[in-house]
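Inside the fold
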Amino acid sequence: MWAMDLPNSPADRLATHCFVIEIERRPNPPSASQFFRMHGGGVETRASFIARLEEINEADEETVGCVNERRGTDTAQIIVICEDMIRFLWFSLRDGGASLRNRDPAMSKALAEDWQKGMIDAIETGRPEASKIHLTKAAIKVIGPTPL
């Protein structure tokens with residue numbers, strides 16, 4: 001959700017944008033937790049994602065229907081592309097998104113910047129907890145380093 005930067009975005013951002021993750025299978029993965037490698041991702045408008053599908057001749061009626069499925073302003077859509085497969089996931093925010101929308105705007109902006117690197121590192125190492133490094137860097141950027 002960091003990438004969506006909800007405190008600095010219009011209230012309908014989740015209804016108009018999707019979160020895209022592009023992964024591929026890693027040849028000879030060193031462990032089961034490192035089976036995939038992330039090579040791209042971002043937050044896109046639904047229209048721009050459909051345009052990408054059209055460019056690669058994958059904009060069939062069913063796929064476009066999934067992209068355009070709106071479940072309200074409190075439901076995020078995640079699209080995972082893995083080689084020749086595409087998966088659509090939705091999740092609703094428990095409090096209608098209020099807790100995320102009411103977070104500190106400066107911290108939200110810092111988290112939205114460079115989130116891809118943090119996610120790539122977590123997937124590359126097979127350690128999801130590696131994403132906490134991104135959180136720490138964003139906090140230092142906003143708050144500053146702790147005094148010695």
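Read on for a plain summary of the structure. (Residues numbered from 1 in each chain as written. Predicted model: local features only at pLDDT ≥ 70, side-chain atom pairs only at ≥ 80, totals over all residues. Heavy atoms only, no water.)

1. Description of the packing of aromatic side chains
Note the following rule: By convention, a stacked pair of Phe, Tyr or Trp rings (six-membered ring in the case of Trp) has centres within 6.5 Å and planes under 30 degrees apart, an edge-to-face pair has planes over 60 apart, and any other such pair is tilted. Elements are defined by DSSP. Helices are runs of H or I of four residues or more, strands are runs of E of two residues or more, and each kind is numbered from the N terminus. Only protein chains enter the area calculation, which uses a 1.4 Å probe; residues under 20% of their type maximum are buried, those over 50% are exposed, and those in between are partly exposed.
If you walk through the whole model with that rule in mind, you get 3 aromatic pairs. An angle of 50° between the planes, with centres 4.9 Å apart, marks the rings of Phe 19 and Trp 115 as tilted. Linking Phe 19 in strand S1 (residues 17-25) with Trp 115 in helix H6 (residues 115-125), this pair joins segments that are 96 residues apart in sequence. The two residues Phe 19 and Trp 115 agree in class, both being buried. For the pair Phe 35 and Phe 36, a centre-to-centre distance of 5.1 Å together with 80° between the ring planes defines the contact as edge-to-face.

2. Comments concerning the packing of helix H5 (residues 105-112) against helix H7 (residues 131-143)
Threshold: Note on definitions: angles span 0 to 180 degrees between N-to-C directions of axes, and those axes are lines fitted to C-alpha atoms, for helices only across the stretch in contact. Each angle is binned into one of four classes, with values under 35 degrees roughly parallel, values over 145 roughly antiparallel, values of 65 to 115 roughly perpendicular, and all other values oblique. A clockwise turn of the near helix away from the far one marks a right-handed crossing, whereas an anticlockwise turn of less than a right angle marks a left-handed crossing. The contact definition used throughout considers only heavy atoms, calling two residues in contact when any of these lie within 4.5 Å. Residue polarity is assigned by list, with Asp, Glu, Lys and Arg as charged and Ala, Val, Leu, Ile, Met, Phe, Trp, Tyr, Cys and Pro as nonpolar; anything else, Gly included, falls into the polar class.
Two numbers describe how H5 lies on H7: the axes approach to 9 Å, and their chain directions differ by 135°. Accordingly, the angle class assigned to the pair H5 and H7 is oblique. At the point where H5 passes H7, the crossing takes the right-handed sense. For the pair H5 and H7, the contacting residues are Ala 106, Met 107, Ala 110 and Leu 111 in the first and His 134, Leu 135, Ala 138, Ala 139, Lys 141 and Val 142 in the second. For the contact of H5 with H7, a count of residues per class yields 8 nonpolar, 1 polar and 1 charged.

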